[in-house]
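# Structure assessment
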Amino acid sequence: MTIYIYSNWKMNFTQDEAHQFGYRLTEAIGHLSKQIEVILFPGNALLTTVSKAIRNSAYIGLGAQNVHWECGGSFTGETSLRMLPDLCTHVLVGHSERREHFGDTEAIINRKTVRIIEGGLKAVLCVGESDPSPSDESVEDVIGAQISSALGNLKSGFGQNLMIAYEPVWAVGSNLPATPEMVNSRAKFIKGFTKQLDYVENSESVPVIYGGSVTLENVGAYLELESVDGVLLGGASLSVESFKQVIRVAEDY
Ligand code: PGA
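Residues numbered from 1 in each chain as written. Predicted model: local features only at pLDDT ≥ 70, side-chain atom pairs only at ≥ 80, totals over all residues. Heavy atoms only, no water.

## Considerations on the overall build of the protein chain
Of the regular secondary structure elements, the protein chain holds 8 helices and 8 strands. Relative to the compact-globule value of 18 Å for 253 residues, the protein chain shows a C-alpha radius of gyration of 17 Å, a close match. Across its three principal axes, the protein chain shows a C-alpha extent of roughly 45 × 45 × 35 Å. Each of the 253 residues in the protein chain was classed as buried or not, and the buried ones make up 54%. Looking at the protein chain, you have 19 positive and 30 negative side-chain charges, and the mean spots of the two groups are 7 Å apart. (Helix = DSSP H or I, 4+ residues; strand = E, 2+ residues; numbered from the N terminus. Rg over C-alpha atoms; globule rule 2.2 N^0.38 Å. Buried < 20%, exposed > 50% of the residue type's maximum accessible area, 1.4 Å probe, protein only. Lys, Arg positive; Asp, Glu negative; His and termini not counted. Charge placed at Lys NZ, Arg CZ, Asp CG, Glu CD.)

## Thoughts on the nonpolar core
Core analysis: the largest hydrophobic core is formed by 67 residues, its most contacted members being Ile 5, Leu 25, Leu 40, Leu 84, Ile 147, Ile 190 and Phe 243. Ignoring sequence-local partners within four residues, the contact set of Leu 40 consists of Ser 7, Trp 9, Phe 21, Leu 25, Val 50, Ile 54, Ile 60, Gly 61, Leu 62, Gly 63 and Phe 243. (Core = buried A, V, L, I, M, F, W, Y, C linked by side-chain atoms within 4.5 Å. Contact = heavy atoms within 4.5 Å.)

## Some details on the packing of helix α4 (residues 106–118) against helix α5 (residues 136–151)
The description of two helices packed together rests on the angle between their axes and the distance between the axes. Where α4 meets α5, the closest approach of the two axes is 7 Å, and the angle between their N-to-C directions is 55°. It follows that α4 is oblique to α5 by the angle criterion. Judged by residue contacts, Glu 106, Ile 109, Asn 110, Thr 113, Val 114 and Ile 117 of α4 engage Gln 146, Ser 149, Ala 150 and Leu 151 from α5. Across the contact of α4 with α5, the residue classes break down as 5 nonpolar, 4 polar and 1 charged. (Axes fitted to C-alpha atoms, helices over the stretch in contact; angles between N-to-C directions. Parallel < 35°, antiparallel > 145°, perpendicular 65-115°, else oblique. Nonpolar A, V, L, I, M, F, W, Y, C, P; charged D, E, K, R; others polar.)

## Regarding the sheet that holds strand β7 (residues 208–211)
Reading around the circumference, β1-β2-β3-β4-β5-β6-β7-β8 is the order of the 8 strands in this closed barrel, with parallel pairing throughout. Mean inter-strand twist for the sheet, computed between neighbouring axes without regard to direction, equals 25°. In this sheet, strand β4 (residues 88–93) lies alongside strand β3 (residues 60–64) in parallel orientation, the contact comprising 3 bridges. Considered in β4, the bridge of Gly 63 is made with His 90. Along the sheet, α5 contacts β5 (122–127) and β6 (162–166); its crossing angle with β5, the most-contacted strand, is approximately 150°. (Pairing = 2+ DSSP bridges.)

## Let's talk about the packing of aromatic side chains
Inspection of the entire model under this criterion finds 8 aromatic pairs. Seen from their ring centres, Trp 9 and Phe 13 are 4.8 Å apart, and the 85° between their planes marks the pair as edge-to-face. By relative accessible area, which is 0% here, Trp 9 ends up buried. We classify Phe 13 as partly exposed; its relative accessible area is 26%. In this structure an aromatic cluster arises from ring pairing among Tyr 4, Tyr 6 and Phe 41. (Phe/Tyr/Trp six-rings, centres within 6.5 Å; stacked < 30°, edge-to-face > 60°.)

## Here we look at the pairing of β7
Side-chain alternation along β7 places Val 208 and Tyr 210 on one buried face and Ile 209 and Gly 211 on a second face that is also buried. Here β6 pairs with β7 via 3 bridges, running parallel. From the neighbouring strand, Ala 165 faces β7, where its bridge partner is Ile 209. Here 3 bridges tie β7 to strand β8 (residues 230–233), and the two strands are oriented parallel to one another. Bridge pairing in β8 links Gly 211 to Leu 232.

## Digging into the site of the ligand
As a matter of local geometry, the ligand sits amid 13 residues, with Lys 10, His 95, Glu 167, Gly 173 and Ser 213 nearest to it. Here an oxygen atom of the ligand sits 2.8 Å away from a polar atom, N or O, in the main chain of Gly 234. In the environment of the ligand, an oxygen atom lies 3.0 Å from a nitrogen or oxygen atom belonging to the backbone of Gly 235. Taken together, the residues of the shell around the ligand break down into 4 nonpolar, 7 polar and 2 charged. (Near = heavy atom within 4 Å. Polar contact = N/O pair within 3.5 Å; in protein donor to acceptor, adjacent residues only side chain to side chain.)

## Side note on helix α1 (residues 15–29)
Taking 1.5 Å of rise per residue, 15 residues should cover 21 Å, and α1 covers 21 Å from first to last C-alpha, within 8% of that figure. Residues of α1 that are buried: Ala 18, Phe 21, Gly 22, Leu 25, Thr 26 and Ile 29. Each buried residue of α1 lies within a common arc of 125° when the element is viewed along its axis, so the set occupies one face. In α1, the exposed positions angled more than 90 degrees off the buried face are occupied by Asp 16 and Glu 27. Close packing links the buried residues of α1 with β2 (36–41), α2 (47–53), β3 and α8 (240–250). Remark: Gly 30 follows α1 within two positions and exhibits a positive phi of approximately 55°. (Expected span 1.5 Å × (residues − 1). Arc of directions from axis to C-beta.)

Pasting the structure below:
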């Protein structure tokens, strides 16, 4: 079973810093004893630089933080799937910061998700509740609605290009991680929910990862959960040294 260790750089690093990071991480990882997929999500302007820096790594891949739903056209300032470097295999969609600051509505997230999946890349669909103390039922309603809406209009047969990141909004960048028990129960719900969707033919293959204030100290508690396949880190993955140690922790699971 693959363990997914993903790093969202958000709006950090210069070209030079991005190159150094990719190059030093490639050197630092060396050989991994487990099947671990490391994906870096740099800002879009850094993708080409990072793709060059990691090209000799057998373990590190590349993802974009955002794309437009069209393949081209009059959309000033936007990035289309066709502009991504060849090494780019994943795209984040529905991240809470995009929903909050950039007007990514459910309708927009749906268009982007369908474009990414049907374009042959893996959509890492971020879902999660805003309310810090909701009932289990209301969280499941929120997450279920977000997934259904994001996948609406998807043609059948693209299940293998989807993964879900459970990221409660209140846990992202707050130093208030969700408890492992909570994460396991939400991840279990997501796996069950995606199983009954028509366009996910092989439901077992929809991986669920957790994101929200994951650190070197708490990552092990998430990786050992039965329903969780990996983690998406922000702040704690911005240093090569600490991110390398997170990857080493993953080798123990
Ligand atoms: P964080 O960010 O680890 O800093 O909470 C996670 C994310 O935004 O995906």
